[in-house]
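This is what each chain is made of:
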Amino acid sequence: MSQHLMNTYARQPVTFVKGEGVWLYDAQGNRYLDGLAGVAVNGLGHAHPRLVAAISEQAGKLIHVSNIYQIAEQAALADKVCEISGMDRVFFCNSGCEANEAAIKLARLHGHNNGIENPEIIVMDKAFHGRTLATLSATGNRKTQAGFEPLVSGFVRVPFDDLDAVRQVAEHNPNVVAILVEPVQGEGGINVPRDGKAYLEGLRALCDEYGWLLMLDEVQSGIGRTGTWFAFQHTNIQPDVMTLAKGLGSGVPIGACVARGAAAEVFTYGKHGSTFGGNPLATAAGLATLNIIEQDGLCAHAEEIGNWICDAFRAEFAGVKGVSTIRNAGLMIGIELDRPCGELVKQALEQRLLINVTADKVVRLLPPLIINQDEAQQLVSQLSSLIKAFLGQ
């Protein structure tokens, strides 16, 4: 590894040189089952032929022009995103934290436009919204925030999945203008609300009652991962603002802040921007990604195979001490143990299986949406054996 790279990552001792489907290959030719998909990015797996063709074709024509000009690919992707989401307008950027930064700015501007001098946003414990100063401040993890004080003000934190706590804030804080929440907390440990439908619908009702914006961070849960295009579509609500990234470009950097109704009209000329956001290459990759997911029925597949994987894990761990819970929303899967288990990442790598541990005790799985039954079975078998050995079972 180059000595000139900053020490921002505790990298695993492997270098991948190519991929195919759910498999990655290192420099020595060893094959690894990818149970992480670049942390929910590579939904189509690796080297998907239709995606490669779309990116190659676009790269041969035009990679980048400024947003000073009309960009046909950007307009086409915006149309598609709004078609599948029921939203009205899209701002394209380069990442999830940029999408959330745009949402935070939008909410603040909305507040100022309505006469609120110091607008505040309700955010959740254990949330993760990014690593810029504003999104870091919105994130609910002191370990991640430590050393970067003073944090950005304007956020009011409440427990996740607690409508009463939100209502208490509403009754005592007239400066609130929005709620920012992940429908499923990814980095926080695949935290799924006890009744996700009731929780999101309750937040929507509170926003309607108090005139707030409901802003959903679907950076990890969006683009088919939970079994619908977006996690909110398991309910009967529409958000005012939604943020996307990760799976939208299948590895080509792209983010999006999507809005509807009055929220879609908050930004006007000069209020926000991005040099690279929505360039022809990134938006061509995004459009190809959405078309492939739609054509191949991968949303429904994600829900079906994700539920199968969880049921298989529950059968494997029946009566096994040390496994606290197994939870999922489609192919967002968390296996929570009763002890820190970070060393499982290295043990799995040695068995040529890629996983992640988050929140210290949660084995997180985010496999490509294209994973098939045989590959899912191998994932369950390998990981179950590793966890049982780790727990001394």
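For the structure itself, consult the block above.
Residues numbered from 1 in each chain as written. Predicted model: local features only at pLDDT ≥ 70, side-chain atom pairs only at ≥ 80, totals over all residues. Heavy atoms only, no water.

## Here we look at the packing of helix α3 (residues 72-85) against helix α9 (residues 280-295)
Move 1: For the pair α3 and α9, interaxial distance at closest approach is 8 Å and the crossing angle is 35 degrees. You can see that α3 and α9 cross each other, and the crossing is left-handed. Here Glu73, Gln74, Ala76, Leu77, Lys80, Val81, Glu83 and Ile84 of α3 come into contact with α9, specifically with Pro280, Thr283, Ala284, Gly286, Leu287, Leu290, Asn291 and Glu294.
Move 2: Each residue belonging to the contact of α3 with α9 can be placed in one class, and the counts come to eight nonpolar, four polar and four charged. (Axes fitted to C-alpha atoms, helices over the stretch in contact; angles between N-to-C directions. Helix = DSSP H or I, 4+ residues; strand = E, 2+ residues; numbered from the N terminus. Left-handed = near helix turned anticlockwise from the far one by under 90°. Contact = heavy atoms within 4.5 Å. Nonpolar A, V, L, I, M, F, W, Y, C, P; charged D, E, K, R; others polar.)

## Here we look at empty space enclosed by the protein
Move 1: Scanning all chains against the criterion turns up one cavity of 30 Å³ or more.
Move 2: In this model, the largest cavity occupies a volume close to 50 Å³.
Move 3: As for the largest cavity, its lining consists of Ala40, Val41, Gly43, Gly222, Ile223, Arg225, Gly247, Ser250, Thr289, Ile293 and Leu369.
Move 4: Its residues placed into classes, the lining of the largest cavity shows five nonpolar, five polar and one charged. (1 Å grid on protein atoms, 1.4 Å probe; cavity = no way out; pocket = protein on both sides within 12 Å on 5 of 7 lines; lining within 4 Å. Points joined across faces, edges and corners; volume = space filled by probe spheres on them.)

## What about the side chain of Thr358?
Move 1: Mapped onto the elements of the fold, Thr358 is located in strand β14 (residues 356-358).
Move 2: Residue class for Thr358 comes out buried when judged on its relative accessible area of 4%.
Move 3: Among the polar contacts listed, one links the side chain of Thr358 to the backbone oxygen of Glu187, at a separation of 2.5 Å.
Move 4: In this structure, Thr358 is in contact with Gly186, Glu187, Gly189 and Arg364, ignoring residues within four places of it in sequence. (Buried < 20%, exposed > 50% of the residue type's maximum accessible area, 1.4 Å probe, protein only. Polar contact = N/O pair within 3.5 Å; in protein donor to acceptor, adjacent residues only side chain to side chain.)

## Section: the nonpolar core
Move 1: With 86 residues, the main nonpolar core has Ile122, Ile179, Ile335 and Ile387 as its most contacted residues.
Move 2: Considering each element in turn, this core owes the most residues, eight residues, to helix α10 (residues 298-316).
Move 3: Of all hydrophobic cores here, the second largest spans 26 residues; its members include Ile116, Ala178, Ala263 and Ala264. (Core = buried A, V, L, I, M, F, W, Y, C linked by side-chain atoms within 4.5 Å.)

## With respect to the packing of aromatic side chains
Move 1: Taken as a whole and assessed by the stated rule, the structure comprises five aromatic pairs.
Move 2: Judged by centre distance (6.1 Å) and plane angle (5 degrees), the rings of Phe230 and Phe232 are stacked.
Move 3: Classification of Phe230 as buried rests on a relative accessible area of 0%.
Move 4: The residue whose ring lies beneath Lys18 is Tyr25, and the NZ or CZ to ring-centre distance is 5.1 Å.
Move 5: For Arg31, the ring lying beneath its charged end belongs to Trp23, and the centroid distance is 3.6 Å. (Phe/Tyr/Trp six-rings, centres within 6.5 Å; stacked < 30°, edge-to-face > 60°. Lys NZ or Arg CZ within 6 Å of the ring centre and 35° of its normal.)

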